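Report on the structure
These are the residues of each chain, in order.
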Amino acid sequence: MNYQQNENELLNCYLDKVIFRKEYDFDFILQHEDIYQEQRHNTQNRIESLELIIRPECNQRCEYCYIARYGADLYPFAERLSNEEILHNIDLVLDYVFNTRNLYIDRWEIFAGDLFYDGIFFDMCDLFIKYLSQKQKIYPSIFLNHPGLILTPTNFSFIRNPETKQKLEEYMEYFQKNFNWEIGFSVSTDGKYAIDTREQVDLDDSFFDDCFKWTIKYHKMGFHPIISASNVHNAIKNYDWWRDMCYKWYTDVPEKRQDILPYWLEARNDEWAQDNIDDFLKLLNHMVDDRLRMCNNNVKELAYHFTVGDGQNNTLLGLLHGDLIWFNTLSKEALQDLGCSMSISTIINISNLSLPPCHRLTYPQFNGGFFKVQDNKIVDIEAFNLSLYLTAKTANAKYLPKCSLCEYSAICHKGCFGAQCESTGEIFHPAMSVCNLEKQRFDFLIYKYYNLDLFKVIEEQGKDSDTIMLLRVVKNIFDNIDDVEREKYDRIINEARTD
């Protein structure tokens, strides 16, 4: 067996372990539904979804978007396809998964710049309907007992087109009724006071009202605004707007009780100057004060909200998602994962049927392999730069360069491999301004919480292993905050009190 054959066998073995598992075979599921349930919800399996990168083209050019900046290298123009070719390749992949491999993959993620300005999303849905219909006739009980999901990020610009919106609703209801599958969306907008760096078009209040109405009507939807160096100057005003909108629309919706605030993400581009970081710290201070207010200005309730968050005794429920003003969970899985989709998704780039580590690392040198096609069928998977691909996909966040000896590592969400590649040329080495942002973020939060006696209350409430580790980490960081930083943090806190 030669080198290429060895690499091919290794790649196929890896994929069979993480996503093309025998436990996901339709016939296996019929005989062993208990094993299927256990495998799909076992966090140690890590890979949860199959993600298709459809295309980079978008009807917006957001200021900080990496595709707008690096799209020509990430998605070379020579490899970009017509819609007809894109749909052909999607058809090949679905046929391979559902027919050749006979697998029930019940979670798909669709990634693209935008899929609605020319309606390709509906053509893609028709392809799913084609294969799901075939399998549903043969295995109706699997669809009945094991719901599926197709999740897509979108800027929701289509919300103002009544025809598109109605058509999409019809498709969503068809999938739910016929397959017990939901079509969900992650809504990419940064809010009313960040339009100048995001959409860069006029959007009135009715646009956002329509977005919120949809997230109520179809529950597999949520917002993920991004805080970037370019919009952080306006972030406090924007935060207040988001909070008020969530209260306006979600207060009386039981299914949205944990969506009291959206899922904020930091743009981890290497461009966080100190004045941007200072604005970010002011935002964090404002968010902590506001969350304390939500907890009736009771530090015990705030501590319970952060660490338990089950809403018992009328306390504030924990957020449904990651919390910008709290710390990375200290579970074993969370410590080793990267805090992004790379750890939980297998990604296929539809344009060339390649296997990039994630949709942020589609540079050709990072592809792990390619699907091989003969006679309009995928017949094999051939490895390419497999060692780098597997290193990226299986990287343990605890042992990354610079992070392995960093005292912040246990509570930090880590950087973005793609942004780090563009900043340093090395995917595993942190972008320095992002690293600085995260360190100052946690320094400030820990200092703020020590002043509130929050950690003392947490220690009194419970002493499980995660709590003990958290208290140890934050104590070490707190002790190392120098006097200059403390004066600065006191100034931020006191200025907010007088505003």
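Located above this text is the structure these notes cover.
Here is a short report on the structure shown in this document. (Residues numbered from 1 in each chain as written. Predicted model: local features only at pLDDT ≥ 70, side-chain atom pairs only at ≥ 80, totals over all residues. Heavy atoms only, no water.)

**Here's the deal with the side chain of Asn269**
Tracing the chain through its elements places Asn269 in the loop between β7 (265–266) and α11 (274–294). Once residues within four sequence positions are removed from consideration, Asn269 is found in contact with Tyr64, Arg69, Arg360, Ala419, Ser433 and Val434. (Helix = DSSP H or I, 4+ residues; strand = E, 2+ residues; numbered from the N terminus. Contact = heavy atoms within 4.5 Å.)

**Here we look at the packing of helix α16 (residues 432–451) against helix α18 (residues 465–479)**
At a minimum axis distance of 10 Å, the contact between α16 and α18 shows a crossing angle of 100°. One finds that α16 runs roughly perpendicular with respect to α18. On α18, the residues that touch Asp443, Ile446, Tyr447 and Tyr450 of α16 are Val474, Lys475, Ile477 and Phe478. Tallied by class, the residues present in the contact of α16 with α18 amount to 6 nonpolar, no polar and 2 charged. (Axes fitted to C-alpha atoms, helices over the stretch in contact; angles between N-to-C directions. Parallel < 35°, antiparallel > 145°, perpendicular 65-115°, else oblique. Nonpolar A, V, L, I, M, F, W, Y, C, P; charged D, E, K, R; others polar.)

**Considerations on the sheet that holds strand β3 (residues 148–154)**
An order of β5-β4-β3-β2-β1-β8 is seen for the 6 strands of this open sheet, with the pairing classed as parallel. At either margin of the open sheet sits one strand with a lone partner, and together these are β5 (221–223) and β8 (345–349). Sheet twist, expressed as the mean angle between neighbouring strand axes with direction ignored, is 20°. Examined bridge by bridge, strand β1 (residues 49–55) and strand β2 (residues 107–112) share 5 bridges and lie parallel to one another. Among the inter-strand pairings, Leu52 is bridged to a residue of β2, identified as Ile110. Against the sheet, helix α6 (residues 120–138) engages β1, β2, β3 and β4 (181–187), with an angle of about 150° to β4. (Pairing = 2+ DSSP bridges.)

**Some remarks on unusual backbone geometry**
Not every positive phi belongs to a glycine, and Asn102 is a case in point at roughly 55°. You can see Asn102 is positioned in the loop between α5 (83–100) and β2. Under the relative-accessibility criterion, Asn102 is labelled buried at 12%. With a phi close to 60°, Asn376 is a non-glycine residue in the positive phi region. Within the secondary structure, Asn376 sits in the loop between β9 (369–374) and β10 (377–383). (Buried < 20%, exposed > 50% of the residue type's maximum accessible area, 1.4 Å probe, protein only.)

**Description of the nonpolar core**
Grouped together as the largest cluster of nonpolar side chains are 138 residues, with contacts concentrated most on Trp108 and Phe175. In terms of residue count, the dominant contributor to this core is α6 (10 residues). Apart from residues no more than four positions distant in its own chain, Phe175 is found in contact with Cys125, Phe128, Ile129, Leu132, Ile150, Asn180, Trp181 and Ile183. (Core = buried A, V, L, I, M, F, W, Y, C linked by side-chain atoms within 4.5 Å.)

**Examining the pattern of salt bridges**
Tallied over the entire structure, the rule returns 25 salt bridges. Residue Arg69 pairs with Glu271 through a salt bridge whose shortest N-O separation is 3.0 Å. With Arg69 in helix α4 (residues 66–74) and Glu271 in the loop between β7 and α11, this residue pair connects regions lying 202 residues apart in the sequence. The class of Glu271 is partly exposed, set by a relative accessible area of 28%. For Lys248, the salt bridge goes to Asp209, with nearest N and O atoms at 3.3 Å. Here Asp209 lies in helix α9 (residues 205–217) and Lys248 lies in helix α10 (residues 235–250), a separation of 39 residues in the sequence. You can call Lys248 exposed: its relative accessible area is 52%. Residues joined by salt bridges that share partners form a network here, namely Asp240, Arg243, Asp244, Asp290 and Arg293. (Salt bridge = Lys/Arg side-chain N within 4 Å of Asp/Glu carboxyl O.)

**Observations concerning the packing of helix α1 (residues 3–18) against helix α14 (residues 386–393)**
Direction vectors running N to C along α1 and α14 enclose 20°, while the axes themselves pass 11 Å from each other. Judged on the interaxial angle alone, α14 and α1 are roughly parallel. Crossing handedness for the pair α1 and α14: left-handed. Facing Glu7, Leu10, Leu11 and Tyr14 of α1, the residues of α14 in contact are Leu386, Ser387, Tyr389, Leu390 and Lys393. Of the residues assigned to the contact of α1 with α14, the class counts are 6 nonpolar, 1 polar and 2 charged. (Left-handed = near helix turned anticlockwise from the far one by under 90°.)

**Focus on the pairing of β1**
Extensive coverage of β1 is indicated by the burial of 7 of its 7 residues. Of the strand pairs in this sheet, β1 and β8 are connected by 5 bridges, and their pairing is parallel. Paired with Ile53 across the two strands is Asn349, which belongs to β8.

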